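Given next are the chains, with one letter for each unit.
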Amino acid sequence: MTQHDEAQQVHHHYGPQHSTPREGPPDPELLERTWRPLPGIVGFFTVVNYSTVGMRFIVTGFIFLLLGGVQALIMRTQLAQPNLDVVSAELFQQLFSTHGVTMMFFFAVPMFEGLAMYLVPLMIGARDMAMPRLGALGYWLYLIAGITLFVGFILGVGPDAGWFAHAPLSSETTFTPKLGMDIWVTAIGLLEISALLAAVEIIVTIFKCKAPGMSMARMPIFVWAALVMSFMMLFAMPAVLLATVAVGLDRMVGTHFFNAAMGGDPTLYQHVFWFFGHPEVYIIFTPALGVVSAALVTFARRPMVAYSIVALSFVAMGILSFGVWVHHFFAIGIPPIGLSFFAAASMMVSIPSGIQLAAFIGTVWTGRVVLNTSFLFLIGFVVIFVMGGVTGVMLAAVPFNWQVHDSYFVVAHLHYVLIGGALFPLFAGLFYWFPKFTGKLLNERLGRWQFGIMFVGFNVTFFVQHILGLQGMARRIHTYDADLGWGTFNLISTIGSYVLAFGILLFVVNFVWSLRSGRDAGIDPWKAPTLEWSVPSPPPQYTFVEPPVIRSLYPLWDPGESPSGVETAADRGVALRPQIREDYRETFGTSIMDGEPESRINLRDNSIWPVLASLAIGIAFVGAMFSLWFFPIGAVLFFLTMLGWHWPFSKEVAS
Amino acid sequence: MSVRVGTPMLPVYTLGPKSVVWWGMIGLIAIEIVVFSGLIAMYFWLRLVNPSWPPEGIDTKGLLIPTINTLVLIASAVAMVVAKRAIVRGNQRVLKLGQMVAIALGMVFLVLKYIEYSGYGYDWTTHAYGSITWTITGFHTAHVISVVTKGLVVLTMALRGMFRPDRHLAFEVSTLYWVFVVVIWIPLYFTMYISPRL
């Protein structure tokens, strides 16, 4: 290869190392050409842009919410009256297991990953995520995992040992002989990899791609929440990966991790799984609180009260949530010192949430509230989540916990926390950002009806379950006798669940109607403070015509100014801005703490390799259910796709 | 604030913490540290619930081969670090040599590992002890195989002269990961070979 060729190749990947800065105004047409996805079906599989991938996560997550919701309705129908036989006991088992897996892993986590992927680059002023292809790979893996789960369920081999699949029920093929638990291992394993990729991508993006001048202390709360969520995924997801792999090994190759007869220990599974399982709740809840913060500030029309304390309480919550996992199995016989420690930690973790709620209330109290649908959902969130938090503190008290363990009291508690703490904020966020995503406003009238119906439906469904639990109704039972006297409350609960489902159906109607004939949103329908409201709706693929610089926490409310005579990172950003090329996918690389411009990051563009790499990993994981040989085959294929991914290697050569 | 004349150009090719690829590798390493920590925790948990460890009827592991093997692995990381420092100074010869030596030592490690494990009269189905030790070993060995394979790719790049003092990100992150795979072996070695003797 001649020097000239090498120089050409370098040029192809990075642009010349010493290009000349742009002269004159930015050129949106050139940006449009640079960032355009490929046309047609090829474009569908090769697109890597954050907005497309993020939206795919959101839409797919919503479809899983609907699927999991239908499963819940079938279960509630079965339980509406004593001794019904709408579905068989075996199918009921698969229903509650798949419902839990779907809602925890395939709806909540990817949904908030998607929101973070879509919103973080917009909020920090970057043109794309730091590693666009990694995000695309994560999406394809998620899709393969979800399809595997539901194909299994439709074929009658859904997971059948509960969503947390306690061993040895899950790990011994004598107890769960069907393929269902192998599918659980495969689907969860693939999903974990997807989540870990997203976590790394979000962290690196927030660390390195903030706009010049955006120091840590000027990051929107939502970005803080996305950062904490990603760190929690980084430390929690490997534990569930270990748990699933160990179950898979016990089932498929005959190890004895959880087989007490051969030196294994079932309680080991509970520790490894719940070390993930509790942080998982906060992995879902933290970004939801981020959504709340973003919408709350806009609709209270004032800056967040105690911004830095709220940001730090996110970090504190993330750390504390790793110290409470044992409260999920207080009933198995834990030494007293362990009980005391984990009970105390479980109560302590409510303190950061309390701080955040106090700040939220303070913000609303001193603000001028815009009472729209989004804000109604925020109110719904506070009411329901506080109820869930109160029953959570009750459950942290060990003697009480023993009484209601595995009862409907726990079912009620976890739905109050997860629906109150994630689904209501999510709808608040969807009403808030839908105009940005699509350029159309959702219908307010339908939205208010949706909120009212969902709020009533939710409480009717789940409040009575507290009482059922105290009356002794165990979770996961297929049916119950009439003389137990649970029929009335169960019927109320079932009616409530249909009301709740109707509320969600209204959202689907609203979504479709508004997409076709909603009012135009314009750039900034809410007069909001953060950067995503400074670009057109929906944002162009290149996001910002001119890379923004940041001088304050709420740039659209208060542009801020540099102290006289001092040159700040933002000023240097303004001077360096013409260097960011428009004929290559480039964005500012900045320092982690201060947002000091350091480099131009060359972002990778459209590529077929993410989807091929996901197929290689899919072959390894899905194939391993049938023959372990698929694992090495998948590994070799994955290696080949990695070669293609990085090809050509000549980018290392100096020009 | 007026635009200064002669603003220096921002670099587009960066190394170390200024590069997103470097941070991506740190992210991968952080994930793997958690996985290995979990495996070590599982090992000690299983040890605690079993009355004797290793269980009756399972030979205690010999120390000779694994100790030599640990030293071999550490030497391979040293070779990588030497090669990395060489390319920073522009020394192509030591770069290539260091990568070759590291790959060779990695292969020696794999061969010795094979000899060691084929000598044991138990496998993962014998007892939970076998399950956890074979799993830890298998998982770590897969890592050694992957760094050796990746090393071959990087070596090809080195032989084609693709690295320069200011352009060797692929080599830098490759070294980072190699050193991680070696360093994480040391606690695994103490867990599996030394701790049962204490």
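Quick caveat, the model's predicted, so the values are computed rather than measured.

A. How the structure looks around the overall build of chain A. On a plain count of helices and strands, chain A comes out with 20 helices and 2 strands. Relative to the globule expectation of 26 Å for 655 residues, the C-alpha radius of gyration of chain A, 25 Å, shows essentially globular dimensions. Taking all 655 residues of chain A together, the buried fraction comes to 63%. Across chain A, the fraction of contacts at a sequence separation of at least 24, relative to all contacts at a separation of at least 6, is 80%. Accessible surface, chain A as shown: approximately 23200 Å² in total, 71% of it carbon and sulfur. Each charge class in chain A was averaged separately, 32 positive and 38 negative side chains, and the resulting centres sit 8 Å apart.

B. Representation of the interface of chain A and chain B. Contact residues are listed per partner, giving 56 residues for chain A and 47 residues for chain B. Across the contact surface, chain A and chain B share 0 salt bridges. On inspection of chain A and its partner chain B, the count reaches 11 residue pairs in polar contact (both at pLDDT 80 or more). Broken down by secondary-structure element, the contributors of at least two residues to the side of chain A that touches chain B are α1 (3-14), α7 (180-208), α8 (221-252), α9 (266-300), α18 (569-576), β1 (586-590), β2 (597-602) and α20 (630-646) of chain A. The residue inventory of the side of chain A that touches chain B, partitioned by class, reads 32 nonpolar, 13 polar and 11 charged.

C. Highlighting unusual backbone geometry. Residue and element names in this part refer to chain A. In this structure, Pro168 follows Ala167 across a cis peptide bond, with omega equal to 0°. If you trace the backbone, Pro168 turns up in the loop between α6 (132-154) and α7. Between Ser537 and Pro538 the backbone carries a cis peptide bond, its omega angle lying at -10°. If you trace the backbone, Pro538 turns up in the loop between α17 (487-517) and α18. A positive phi is found at Asn83, a non-glycine position, where the angle reads about 55°. Within the secondary structure, Asn83 is located in the loop between α4 (50-78) and α5 (89-124). In this structure, Arg476 takes a positive phi of about 70° despite not being glycine. Inspection of the secondary structure puts Arg476 in the loop between α16 (444-470) and α17.

D. Seen up close, the pairing of β2(A). All names here are of chain A. When you tally the buried positions in β2, you get 6 out of 6 residues, the bulk of the element. As paired elements, β1 and β2 share 5 bridges and run antiparallel to each other. By the bridge assignment for β2, Thr590 is matched with Pro597. In this antiparallel pair of consecutive strands, β1 and β2, the connection spans 6 residues, and Gly595 shows a positive phi of 65°.

E. Geometry of the side chain of Arg251(A). All names here are of chain A. Here Arg251 shows up in helix α8. In this structure the side chain of Arg251 is engaged in a polar contact, spanning 2.8 Å, whose partner is the backbone oxygen of Ser170. In this structure Arg251 touches Ser170, Ser171, Glu172, Thr173, Thr176, Pro177, Lys178, Met181 and Asp182, once residues within four positions along its chain are discounted.

F. Region of interest: a nonpolar patch on the surface. Residues and elements named next belong to chain A. Residues Leu38, Ile41, Val42, Phe44, Phe45, Ile608, Leu612 and Leu615 make up a contiguous nonpolar surface patch of roughly 680 Å² in combined accessible area. If you list the elements that add at least two residues to the nonpolar patch, you get α3 (40-46) and α19 (609-623). No other element matches α3, which puts 4 residues into the nonpolar patch. Counting through the fold element by element, Leu38 comes out in the loop between α2 (28-35) and α3. Look at Leu38 and you get partly exposed, because its relative accessible area is 41%.

G. Here's a closer look at the environment of Glu567(A). Residue and element names in this part refer to chain A. Structurally, Glu567 is set in the loop between α17 and α18. Residue class for Glu567 comes out partly exposed when judged on its relative accessible area of 25%. A distance of 3.1 Å separates the side chain of Glu567 from the side chain of Arg572, its partner in a polar contact.

H. Representation of the nonpolar core within the structure. Core analysis: the largest hydrophobic core is formed by 266 residues, its most contacted members being Phe106(A), Leu115(A), Phe273(A) and Trp433(A). Looking at this core, the element that brings in the most residues is α5(A), giving 22 residues.

I. View of α8(A). Residue and element names in this part refer to chain A. Its 32 residues place the ends of α8 45 Å apart at the C-alpha level, agreeing with the 46 Å of an ideal helix rising 1.5 Å per residue. At Leu234, α8 shows its maximal kink, close to 30°; a proline, Pro238, follows between one and four residues later. Burial analysis of α8 places 27 of its 32 residues in the buried class, which makes it a mostly covered element.

J. Structural detail: α2(A). Residues and elements named next belong to chain A. Listed in full, the buried residues belonging to α2 are Leu31, Thr34 and Trp35. Buried residues along α2 cover an arc of 85° about the axis, so they all sit on one side. The inward-facing, buried residues of α2 abut β1.

K. Representation of the pattern of salt bridges in the model. Residues and elements named next belong to chain A. Applying the stated criterion across every chain yields a total of 14 salt bridges over all chains. Note that Arg251 is salt-bridged to Asp182, the shortest N-O span being 2.9 Å. Here Arg251 is found in helix α8, whereas its partner Asp182 is found in helix α7, with 69 residues between them in sequence. Across the pair, Asp182 and Arg251 agree in class, each one buried. Between Glu567 and Arg572 there is a salt bridge; the shortest N-O distance is 3.1 Å.

About the thresholds
Counting of residues starts from 1 at the beginning of each chain's written sequence and follows it residue by residue. Chain A is the first chain written and ligand 1 is the first ligand written, with later ones labelled in order. Per-residue local features of the predicted model are confined to residues with pLDDT of at least 70, and side-chain atom pairs are confined, for both listing and counting, to 80 or more; whole-chain, interface and lining totals are unaffected and use all residues. In computing side-chain values, all of the structure's heavy atoms are included and hydrogens and water are not. To qualify as a helix, a DSSP run of H or I must reach at least 4 residues; to qualify as a strand, a run of E must reach at least 2; elements of each kind are numbered from the N terminus. A radius of gyration in this sense is built from C-alpha atoms; the matching globule rule multiplies 2.2 Å by the number of residues raised to 0.38. Categorising residues by exposure relies on relative accessible area from a 1.4 Å probe, with only protein chains included: less than 20% of the type maximum marks a residue as buried, more than 50% marks it as exposed, and the intermediate range marks it as partly exposed. By definition in these notes, contact holds between two residues if any of their heavy atoms fall within 4.5 Å. Using a 1.4 Å probe, accessible areas were evaluated by the Shrake-Rupley method; residue-level cover was limited to the displayed protein chains. By the counting scheme adopted, Arg and Lys are positive, Glu and Asp are negative, and His together with the chain ends is not counted. By convention, charge coordinates are those of NZ in Lys, CZ in Arg, CG in Asp, or CD in Glu. Counted as salt bridges are all cases of a side-chain nitrogen of Lys or Arg within 4 Å of a carboxyl oxygen of Asp or Glu. Polar contacts here mean pairs of N or O atoms no more than 3.5 Å apart (in protein, one a potential hydrogen donor and the other a potential acceptor; neighbouring residues in sequence count only if both atoms are side-chain atoms). Under the scheme applied here, ten amino acids are nonpolar (Ala, Val, Leu, Ile, Met, Phe, Trp, Tyr, Cys and Pro), four are charged (Asp, Glu, Lys and Arg), and all others, including Gly, are polar. The rule for pairing is simple: two strands pair if DSSP sees at least two bridges between them. Patch membership is restricted to residues that have no salt bridge and whose relative accessible area is over 30%. Joining uses 9 Å for like charges and 5 Å for the nonpolar side chains Val, Leu, Ile, Met, Phe, Trp and Tyr. To define a nonpolar core, start from buried Ala, Val, Leu, Ile, Met, Phe, Trp, Tyr and Cys residues and group those joined through side-chain atoms within 4.5 Å. The span one expects for a helix is its residue count, reduced by one, times 1.5 Å. At any given residue, the bend is defined as the angle formed between two axes, one fitted to the seven residues that end at that position and one fitted to the seven that begin there. Each direction from the helix axis to a C-beta atom contributes to the arc, which is the arc of those directions.

Geometric values such as these leave the question of function open.
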